Amino acid sequence: MKKKTSKTIQGWIDLVLGLQWGDEGKGKIVDYLAANYDIVARFQGGPNAGHTLWHKGKKLVLHNLPSGILHNHVSNFIGPGCIVNPTTLLEEIKQVSEILGLSKEQLKDRIFISKNAFIIHPLHQHLDKAIECSKGTSSVGTTGKGIGPAYAAIKDRINFRFGDVLLNQKFFKSQEYTGFEDRVINQLAFYNEKYGYKMIVGPELYDQSLLFEHHMEELNQYVTFVDIFWLQNQLDEGKDVLAEGAQGTMLDNNFGCYPMVTSSNTIAGAAPIGLGVPMKYFGKTIGVAKWYTTKVGGGSFPSEIKDEHIQTLLQEAGQEVGATTGRKRKCGWLDIPQLLYALRINDVDELIVTKVDINPLHSVEIASCYCLEEQKIDSFPFDISEIHHVAFHHLDMKWKLPEDGSSILDTDLRLYLDYIRMRIEGNGLQTKLTMVSHGPNRDDIIRC
Ligand code: GDP
Ligand code: IMO
Ligand code: MG
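The model shown is predicted, which means the values in this text are computed figures rather than measured ones. (Residues numbered from 1 in each chain as written. Chains lettered and ligands numbered in written order. Predicted model: local features only at pLDDT ≥ 70, side-chain atom pairs only at ≥ 80, totals over all residues. Heavy atoms only, no water.)

J.: How should the overall build of the protein chain be read in this particular structure?
T.: Looking only at helices and strands, the protein chain features 12 helices and 19 strands. Here the C-alpha coordinates of the protein chain stretch approximately 75 × 50 × 40 Å along the principal axes. Here the protein chain, with 448 residues, has 56% of them falling under the buried criterion. In the protein chain, the proportion of contacts linking residues at least 24 apart, taken out of those at least 6 apart, comes to 76%. In the structure as shown, the protein chain presents an accessible area of about 20,000 Å², 52% of it carried by carbon and sulfur atoms. Considering the protein chain, the positive charge centre built from 47 side chains and the negative charge centre built from 54 side chains are found 3 Å apart. (Helix = DSSP H or I, 4+ residues; strand = E, 2+ residues; numbered from the N terminus. Buried < 20%, exposed > 50% of the residue type's maximum accessible area, 1.4 Å probe, protein only. Contact = heavy atoms within 4.5 Å. Areas by Shrake-Rupley, 256 points an atom, 1.4 Å probe, with all protein chains shown as cover. Lys, Arg positive; Asp, Glu negative; His and termini not counted. Charge placed at Lys NZ, Arg CZ, Asp CG, Glu CD.)

J.: Help me understand the side chain of N85, please; the structure alone is not making it clear to me.
T.: Relative to the helices and strands, N85 resides in the loop between β6 (83–84) and α2 (86–100). In terms of polar contacts, N85 uses its side chain to reach the side chain of Q125, at 3.5 Å. Excluding anything up to four places from it in sequence, N85 contacts P47, N64, I120, Q125 and F212. (Polar contact = N/O pair within 3.5 Å; in protein donor to acceptor, adjacent residues only side chain to side chain.)

J.: Looking at this structure, how should I read the layout of surface pockets?
T.: Reported here for the second largest pocket is a volume of approximately 660 Å³. Contributing to the lining of the second largest pocket are 27 residues, with T52, W54, G318, K355 and P440 lying nearest its centre. Breaking the lining of the second largest pocket down by element, the ones donating at least two residues are α1 (26–33) and β3 (51–55). Taken together, the residues that form the lining of the second largest pocket break down as 6 nonpolar, 11 polar and 10 charged. (1 Å grid on protein atoms, 1.4 Å probe; cavity = no way out; pocket = protein on both sides within 12 Å on 5 of 7 lines; lining within 4 Å. Points joined across faces, edges and corners; volume = space filled by probe spheres on them. Nonpolar A, V, L, I, M, F, W, Y, C, P; charged D, E, K, R; others polar.)

J.: What exactly am I supposed to notice about the site of ligand 2 here?
T.: The environment of ligand 2 is formed by 21 residues, the closest being K26, H51, T143, Q247 and T262. D23 is positioned such that a nitrogen or oxygen atom in its backbone is 2.8 Å from an oxygen atom of ligand 2. At a separation of 2.6 Å, an oxygen atom of ligand 2 approaches a polar side-chain atom of T262. Against a free-state accessible area of 550 Å², the protein chains account for coverage of 98% of ligand 2. Its residues assigned to classes, the shell around ligand 2 shows 8 nonpolar, 10 polar and 3 charged. (Near = heavy atom within 4 Å.)

J.: Before we go on, may I ask you to explain the site of ligand 1 in this structure?
T.: Close contacts around ligand 1 come from 19 residues, with K26, G50, T52, D357 and S437 the closest. A distance of 2.8 Å is found between an oxygen atom of ligand 1 and a backbone nitrogen or oxygen belonging to G25. At a separation of 3.0 Å, an oxygen atom of ligand 1 approaches a polar backbone atom of K355. Within the complex, the protein chains bury 92% of what would otherwise be the 580 Å² of accessible surface of ligand 1. When atoms are counted within 2 Å of each cavity's grid points, the one that captures over half of ligand 1 is the second largest pocket. Breaking the shell around ligand 1 down by element, the ones donating at least two residues are α1 and β3. Looking at the shell around ligand 1 residue by residue, the class counts come to 4 nonpolar, 8 polar and 7 charged. (Sits in = over half its atoms within 2 Å of the grid points.)

J.: Can you walk me through the coordination of the magnesium ion (ligand 3) in this structure?
T.: Octahedral six-donor coordination of a metal ideally yields angles of 90 or 180 degrees, compared with 109.5 degrees for tetrahedral four-donor coordination. Protein coordination at the magnesium ion (ligand 3): the donors are D23 (OD) and G50 (O), at 2.1 to 2.2 Å from the metal. Taken together, the residues D23 in the loop between β1 (13–18) and α1 and G50 in the loop between β2 (39–42) and β3 connect sequence positions 27 residues apart. The exposure class assigned to D23 is partly exposed, which follows from its relative accessible area of 21%. Overall, the relative accessible area of 11% leaves G50 in the buried class. (Donors = N, O, S within 2.8 Å, 3.2 Å for Na, K, Ca; no water.)

J.: Looking at this structure, I do not really get the nonpolar core. What am I missing?
T.: Note that soluble globular proteins tend to have their nonpolar side chains buried in a common cluster. Counting residues in hydrophobic clusters, the biggest one holds 36 residues, and the most contacted among them are W291, V364, Y416, L417 and I420. Elements represented by at least two residues in this core include exactly α11 (336–346), β14 (350–354), β15 (364–372), α12 (413–426) and β18 (432–437). It is α12 that provides the largest number of residues to this core, a total of 6 residues. Each residue touching L417, except ones within four places of it in the same chain, is listed here: V353, L409, L433 and V436. L65, I69, I99 and F160 belong to the second-largest nonpolar core, a separate cluster that totals 28 residues. (Core = buried A, V, L, I, M, F, W, Y, C linked by side-chain atoms within 4.5 Å.)

J.: Is there a simple way to explain α1 in this structure?
T.: An α-helical turn contains 3.6 residues, so a residue and the one three or four places further along point in the same direction. Of all 8 residues that make up α1, 7 are buried, and the element is covered over most of its length. Among the residues making up α1, those that are buried are K26, G27, K28, I29, V30, D31 and L33.

J.: Explain the pairing of β15 here, please?
T.: Strand residues, when the strand is regular, have side chains that alternate between the two faces of the sheet. Burial within β15 is extensive, with 8 of its 9 residues counted as buried. Pairing analysis gives 2 bridges linking strand β13 (residues 334–335) to β15, with the strands arranged parallel. In the strand pairing of β15, L334 is matched with I366. Sheet topology note: the β15/strand β17 (residues 389–395) ladder contains 7 bridges and is antiparallel. The partner of A367 across the bridge, within β17, is F392. Between the end of β15 and the start of strand β16 (residues 375–377), which pair antiparallel, lie 2 residues, with E373 showing a positive phi angle near 45°. (Pairing = 2+ DSSP bridges.)

J.: In this structure, what is going on with the packing of helix α3 (residues 122–135) against helix α4 (residues 147–155)? I would like to understand it.
T.: When two helices pack together, their arrangement is given by the angle between their axes and by how far apart the axes lie. Packing of α3 against α4 leaves a shortest axis separation of 7 Å and a crossing angle of 115°. In terms of their interaxial angle, α3 and α4 are classed as roughly perpendicular. Along this stretch, α3 crosses α4, giving a crossing that reads as right-handed. Residue-level inspection shows H124, L127, D128 and I131 of α3 in contact with α4, the latter providing I147, P149, A150 and A153. (Axes fitted to C-alpha atoms, helices over the stretch in contact; angles between N-to-C directions. Parallel < 35°, antiparallel > 145°, perpendicular 65-115°, else oblique. Left-handed = near helix turned anticlockwise from the far one by under 90°.)

J.: Help me understand the pairing of strand β10 (residues 282–290), please; the structure alone is not making it clear to me.
T.: Counted residue by residue, β10 has 9 buried out of 9 residues, so it is predominantly covered. Sheet analysis places β1 next to β10, joined by 5 bridges and oriented parallel. Within β10, the residue paired with L17 across the bridge is G287. Of the pairings in the sheet, the one linking β10 to β14 comprises 5 bridges and is parallel in character. For G287, the partnering residue across the bridge sits in β14 and is L351.

In structure tokens form, the structure reads like this:
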């Protein structure tokens with residue numbers, strides 16, 4: 001564990017990140033680790049995320065809410081770097097209250113939304129779909145949740161924050177204030193002007209806006225006291241924080257496989273900004289990767305499995321279906337150059353490998369290096385189109401979760417993990433492989 005740098009700091013922040021193309025099992029890992037933290041905080045992304053938790057046989061998929069929500073003692077913070085769809089968030093809160101048997105008021109002590117978090121409006125969803133459509137065959141295959149337009153609206157300085165809505169209501173409620181609707185109309189005019197769109201939005205968008213405004217009002221109870229120093233104050237009081245990344249390293253807006261990426265920064269460097277706290281509070285970084293890879297949406301990836309039979313076997317065994325969109329996730333082999341890239345760019349201290357219980361195969365492969373213009377490299381290139389050939393290392397090994405209760409680490413999996421360790425060490429990285437996850441439930445996890 002990295003040392004805290006100042007005596008005045010009482011609590012610190014550890015970070016959980018996805019190391020691949022998302023859906024590595026971050027939600028399950030955060031739910032497990034949250035037992036040891038006071039606060040779980042999301043710092044980027046929005047309802048494009050789908051983080052799956054299991055509670056007493058019931059499945060819960062979280063989009064906006066942090067994955068510490070099932071713990072009684074954990075406060076869940078939606079940070080300034082997030083974009084939130086109020087309607088989706090309210091649905092999630094409803095689901096959580098049903099699962100836990102707690103009222104929305106009782107959940108008030110668990111949910112804290114930063115006044116600086118931004119909003120995704122139905123208009124953004126509308127635009128997301130229009131932009132995707134205009135890109136035709138080179139579309140990104142977004143989740144359709146309005147992520148790109150909502151982040152773009154922040155940069156264009158036309159989006160609004162939870163605090164803005166709160167403030168507007170406070171000042172203007174008694175004067176038949178129509179500020180919210182005005183802003184929507186302004187945004188629409190802006191887009192039509194900027195992109196030359198002739199976006200004709202029917203009355204349903206205004207109906208949606210009204211509903212949306214009601215939802216914002218309902219959420220105000222979770223926003224009111226959460227100013228920009230809320231998290232820092234908690235840290236100074238000695239609270240420990242687990243920051244939860246959404247998406248994955250290869251979906252980072254700058255450092256992923258651009259342009260087939262999301263619209264936020266997903267790497268470790270995004271956390272201080274997305275939470276609004278200085279660097280000195282940060283402790284260790286925990287990276288999550290499946291023992292294979294998956295990707296959902298447009299674009300290929302280097303280690304994609306071309307053999308349809310194996311592709312289907314793994315997809316079905318791993319139930320690789322998107323938690324947010326229900327789309328099938330394409331499967332690939334573990335990709336060592338990609339993994340090393342992610343470990344390095346995030347400076348990962350601890351690696352957790354998930355889904356090791358899923359292996360319907362008799363032998364496995366690992367993408368061990370790429371060939372670029374006849375040259376072998378084991379680092380990730382500027383653009384994956386530069387890769388001429390991917391060299392796969394064949395490992396004649398199989399494993400499955402023992403039924404007699406003995407450890408999965410007594411199977412060939414141990415050799416597979418040794419190979420990963422060997423490649424990490426061979427690259428001079430300090431990352432330690434610390435745990436494997438062998439099932440979707442919180443406690444299906446062991447140290448190794
Ligand atoms: P996230 O977006 O990274 O939180 O991951 P998702 O929730 O989108 O997808 C991971 C899927 O794998 C979910 O259905 C989890 O319940 C499930 N899962 C997580 N870890 C494991 C594991 O170790 N084994 C199995 N079999 N399923 C897992
Ligand atoms: P979690 O947090 C997997 C993908 C989309 C698309 C691209 C851009 O559950 O791991 P966007 O809607 O963000 O503009 O889509 O990114 N994508 C994800 N893939 N897991 C996610 O989140 C994702 N969030 C976005 O499929 O290819
Ligand atoms: Mg997911």
